[in-house]
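An overview of the molecular structure
These are the residues of each chain, in order.
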Amino acid sequence: MKLIVRFSGAVLYRLPTDPDPMDETRGVSGYTFALAGEPDMDRTIRMHDFGGFVLRSGSPANMGVFVTRAYRTDAPETPVEALVGAKVELLGEPKLENRNWLLTLPGKEPIVPFELEITSPSGLRLRRDDYFDPAQPDLPVWKATPAQLARRGASGIALDPLTIGEATGMWDPMQAIAERLALLVPEREEAEKRGDEIAVAALTRRIAELEFALVNPTDRRVMARQAIERFAFGMNGKATIDDPHGALGGTLDTTQPWPIAYWMGGWDADTLTCFFDGALIVPYA
Amino acid sequence: MTHADLRAVLADKLTVAAEIEHGVLCQYLYAALSLKKNPEEGVTWVQLERMRGWEAAILKIARQEMEHLGIVCNLLSALGGAPHFGRPPMPLPPSFYGVGARFTLEPFSVAALRRFVRLEHPADGPVLATLAPDGVVLLQGRASIAELYLEIRKLVESTDDAFWLGPSSAQIVTQMLNPAPGQRTVYDVSLPAVTDQKSALAAIDQVLIEGEGTDGHRQGSHFAVFHHILEEFAAELEREPGFEPARPIVANPTLDDRGHVGQTELTAPATRALARVFDRSYGVMLVMLARYYVHTDETPAELTTLQTTAFFPSMTLLIRPIAEMLTLLPASSDPGAGNAGPPFTPPRATLFLPDKRSAWRVIAEQLDQIAADCAALVPTDYPAALRPRVQMLLENTARMAANFRAAMLVGGGA
């Protein structure tokens, strides 16, 4: 028997883009930027704690990754309602690491560190880490072998309008860009009226990037909106389970790897958000 | 002119063109990377947004100058010559290349922009009136780089297809720089193959169009972009006369204590240590580029390793971050002396290493030394803002060295 936990939601991901250096903080040569008045980019995948960053206008209405469905694979399936709505979080300032193609090619990078935590308001908590090498839990990413990176890394970048469309409702990236422009242009006019020069400068940059995308439909700014990266591996690190009310209906096996499969995609370079969707499969002891 | 004469003259002029493109791109990088990044440096958010646009535009031009250097190397290979990555140290007087301006590493300024406009000036256009007051601009030799390319173009027009000797396999083209198939440009860089007179002329025209534009169509050319930045900068100075977008970095920094005229010796120990890493990185990158462009018996895998070490990540994880870090460090113990900058010291030694196996060992050794030097930087008392980048240097250089050794089957290492 296994516990299946489905989760999804929008995340904040403020990263510089090639050919900027991987640790560029403001964004210069790529197509992502920390705008006027905003803090530096931190490359961190943020599912709930946005690090003090004020989400840009046009960001998804419901930010954050949550459990959408959980059940045991009995016959028939048994829902685990206590997990539905639980907060899904990657801890430890997780980052996609290819380091300007030094560690992996684009689309093959792993998330580092990978420390998954699922917590419900009722106190139910699942936590599992993944190590590049279980014998060396502290092995840093820059010392991981290509095989270790590939195990946790994505399987490539794929254009997948169906997956994105069904998950987010966004089926037409050009329409989405046009709608965003229709939102930002009056927003900038309002900023001009109130004399907010910083907001005007930031919105001017956003509008310029969107206008560029609108006339360059094969540009990264457009293509990334329908692209995804898929990941699948068995989490092999330390596991912790708190089930104070016995909601899981049994004891989970913390000795075997926990398979996880997820994708990230629908990258919106304007709001610096993307979608995160996946499933965790936990065997019972 | 006989083929022999034509080949000799073209090889000479293209070698000069290679040095010019190389020298120009270093100057552009030096100016672009001197720009301030934070309001704590005495500029407003609104100014920073404009400055980001300037930096992005100049870095794009610098990438295209790298492309021009690549095109010149392809032309040299095609005529039976050798790609050229050497150049003399700066500063150089306008008379050195005779293209209308000094070659000098200086921070972003009105004077620097005027020099850049002058260097990219159309061959047939009038020298802009705005350039006249600048004392560094001398009407001597050619009016601009474009004139040199027009001379080269005229010589190429007189060739026939039998003149072009180099095999197409010697050419470095865009598709080799990016694993994504079918992409014509990679980050604004497009490298065409040169195999005959027609492709040679097209390659030269590409350089001319990107640099100066064509008559009536200057928009987007390097000349027009620099001119536009100059106008925006002038307008900002009119609004705020005290506006200073560049960090106060010295001109033509050097680690050499022999004191060449116009150079500034970096004497602060922590700065010198980082500048030494920069110069070693720059030097080994040139060695790799030379071997890449002159490739002979390399396997496809070896060529890929050279490419995936010399471009990304050498340029993105070594050259640019270290250059930016140096602009935040003092040049000397004298607080009024200004900050440092990347020395871009050209190696004296011949860059092409002819024996492949020895070349891999030499490059691996250099990469190991860079990694060791970076590890030694970690305990140094750098400003807090720089420490994360010092740690990144340690990690990334160690990985670069290990990747290179593994791919080239070179034993040893850390």
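Residues numbered from 1 in each chain as written. Chains lettered and ligands numbered in written order. Predicted model: local features only at pLDDT ≥ 70, side-chain atom pairs only at ≥ 80, totals over all residues.

Time to look at the overall build of chain B. When helices and strands are tallied, chain B shows 13 helices and 2 strands. Taking 2.2 N^0.38 as the reference for a compact globule, 414 residues should give roughly 22 Å; the C-alpha atoms of chain B span a radius of gyration of 21 Å, in line with that estimate. Overall, chain B is about 60 × 60 × 45 Å in size when its C-alpha atoms are taken along their principal axes. By residue count, 48% of the 414 residues in chain B fall in the buried class. Of the contacts formed within chain B by residues at least 6 apart in sequence, a portion of 71% connects residues at least 24 apart. (Helix = DSSP H or I, 4+ residues; strand = E, 2+ residues; numbered from the N terminus. Rg over C-alpha atoms; globule rule 2.2 N^0.38 Å. Buried ≥ 20, exposed ≤ 12 C-beta atoms within 10 Å, placed from the backbone. Contact = placed C-beta atoms within 7 Å.)

Moving on to the overall build of chain A. When its secondary structure is counted, chain A shows 5 helices and 14 strands. Taking 285 residues into account, the globule formula puts the C-alpha radius of gyration at 19 Å, and chain A, at 20 Å, falls close to it. Judged by the C-alpha coordinates and their principal axes, chain A covers about 60 × 40 × 35 Å. Look at the contacts in chain A between residues 6 or more apart in sequence, and 65% of them connect residues 24 or more apart.

On to the environment of Ser77 of chain B. Residues and elements named next belong to chain B. Structurally, the position occupied by Ser77 is in helix H2 (residues 45-78). Taking C-alpha positions, Ser77 is 33 Å from Leu113, a pair spaced 36 residues apart along the chain. In contact with Ser77, other than residues within four places in its own chain, are Pro83, Gly166, Ala170 and Gln171.

Time to look at the interface of chain A and chain B. The interface of chain A with chain B comprises 20 residues on the first partner and 25 residues on the second. The class makeup of the residues in the side of chain A that touches chain B is 12 nonpolar, 3 polar and 5 charged. (Nonpolar A, V, L, I, M, F, W, Y, C, P; charged D, E, K, R; others polar.)

Let us now look at the environment of Met47 of chain A. All names here are of chain A. Its place among the elements puts Met47 in the loop between strand E2 (45-46) and strand E3 (64-72). Separated by 10 residues in the primary sequence, Met47 and Ser57 place their C-alpha atoms 18 Å from one another. Those residues in contact with Met47, other than ones at most four positions away along the chain, are Val11, Gly64, Val65, Val88, Glu89 and Leu90.

Residues and elements named next belong to chain B. Counting 182 residues, the largest nonpolar core has Tyr28, Ala32 and Leu75 as its most contacted members. At 15 residues, H2 tops the list of elements feeding residues into this core. With near-sequence residues (within four places) excluded, Leu75 lies in contact with Leu14, Val194, Ala200 and Ala203. (Core = buried A, V, L, I, M, F, W, Y, C linked by C-beta atoms within 7 Å.)

Time to look at the domain arrangement of chain B. All names here are of chain B. The domain boundaries assigned to chain B delineate domain 1 (1-247) and domain 2 (250-414). Centre-to-centre, using C-alpha coordinates, domain 1 lies 24 Å away from domain 2. Residue contributions to the side of domain 1 that touches domain 2 peak at 3 residues, all from helix H1 (residues 3-32). (Domains from an automatic or database assignment.)

Residue and element names in this part refer to chain A. Look at helix H3 (residues 173-193): 30 Å from first C-alpha to last across 21 residues, which is about the 30 Å you get at 1.5 Å a residue. Taken residue by residue, H3 has Pro173, Ala176, Ile177, Arg180 and Leu184 as its buried positions. Looking straight down H3, one finds its buried side chains confined to an arc of 85°; they lie on one side. Facing away from the buried side of H3 by more than 90 degrees, the exposed set consists of Gln175, Ala182, Pro186, Glu189, Glu190 and Lys193. Of the surrounding secondary structure, the elements contacted by the buried residues of H3 are helix H4 (197-215) and helix H5 (220-223). Among the residues trailing H3, Gly195 stands out with phi positive, at a value near 75°. (Expected span 1.5 Å × (residues − 1). Arc of directions from axis to C-beta.)

What follows covers the pairing of strand E13 (residues 258-268) of chain A. Residues and elements named next belong to chain A. Most of E13 is tucked away, with 9 of its 11 residues classed as buried. In this structure, strand E11 (residues 227-235) lies alongside E13, joined through 8 bridges in antiparallel fashion. In the strand pairing of E13, Phe233 is matched with Ile260. With 7 bridges connecting them, E13 and strand E14 (residues 273-283) associate as antiparallel partners. Paired with Tyr262 across the strands is Gly278, a residue of E14. Where E13 hands over to E14, the hairpin turn is made up of 4 residues, of which Leu272 adopts a positive phi near 60°. (Pairing = 2+ DSSP bridges.)

Turning next to the packing of H2 of chain B against helix H7 (residues 197-212) of chain B. Residue and element names in this part refer to chain B. Here H2 crosses H7 at 160°, and the two axes come no closer than 10 Å. One finds that H2 runs roughly antiparallel with respect to H7. Classified by chirality, the crossing of H7 by H2 is left-handed. On the side of H2, the interface is formed by Gln64, His68, Ile71, Asn74, Leu75 and Ala78, while H7 contributes Ala200, Ala203, Gln206, Val207 and Glu210. (Axes fitted to C-alpha atoms, helices over the stretch in contact; angles between N-to-C directions. Parallel < 35°, antiparallel > 145°, perpendicular 65-115°, else oblique. Left-handed = near helix turned anticlockwise from the far one by under 90°.)

Here the focus is unusual backbone geometry. Residue and element names in this part refer to chain B. Omega for the peptide link from Met90 to Pro91 comes to 10°, which places this bond in the cis form. Residue placement: Pro91 occurs in the loop between H2 and helix H3 (94-97). For Tyr187, which is not glycine, the phi torsion reads 50° and is therefore positive. Of note, Phe344 is a non-glycine position whose phi angle comes to about 50°, a positive value.

Residues and elements named next belong to chain B. Within the fold, Asn38 resides in the loop between H1 and H2. Residue Asn38 is classed as partly exposed on the basis of its C-beta count, with 13 C-beta atoms lying within 10 Å. Expressed as a C-alpha distance, the spacing of Asn38 and Leu48, which sit 10 residues apart in the sequence, is 7.2 Å.

All names here are of chain B. In the contact formed by helix H9 (residues 269-293) and helix H11 (residues 314-326), the axes pass within 10 Å of each other and the chain directions differ by 150°. Of the possible angle classes, the one that applies to H9 and H11 is roughly antiparallel. Along this stretch, H9 crosses H11, giving a crossing that reads as left-handed. Across the interface between the two elements, Thr271, Leu274, Ala275, Val277, Phe278, Ser281, Tyr282 and Met285 from H9 touch Ser314, Leu318, Ile319, Ile322, Ala323, Met325 and Leu326 from H11. When its residues are assigned to classes, the contact of H9 with H11 shows 12 nonpolar, 3 polar and no charged.

All names here are of chain B. Residues with a pLDDT of 70 or more make up 93% of chain B, whose mean pLDDT is 91. Note that pLDDT drops below 50 for residues 128-140; the model gives that stretch 20 contacts with residues more than four away or on any other chain. Interface confidence for the predicted complex, expressed as ipTM, amounts to 0.94; the pTM equals 0.95. (pLDDT = per-residue confidence, 0-100.)

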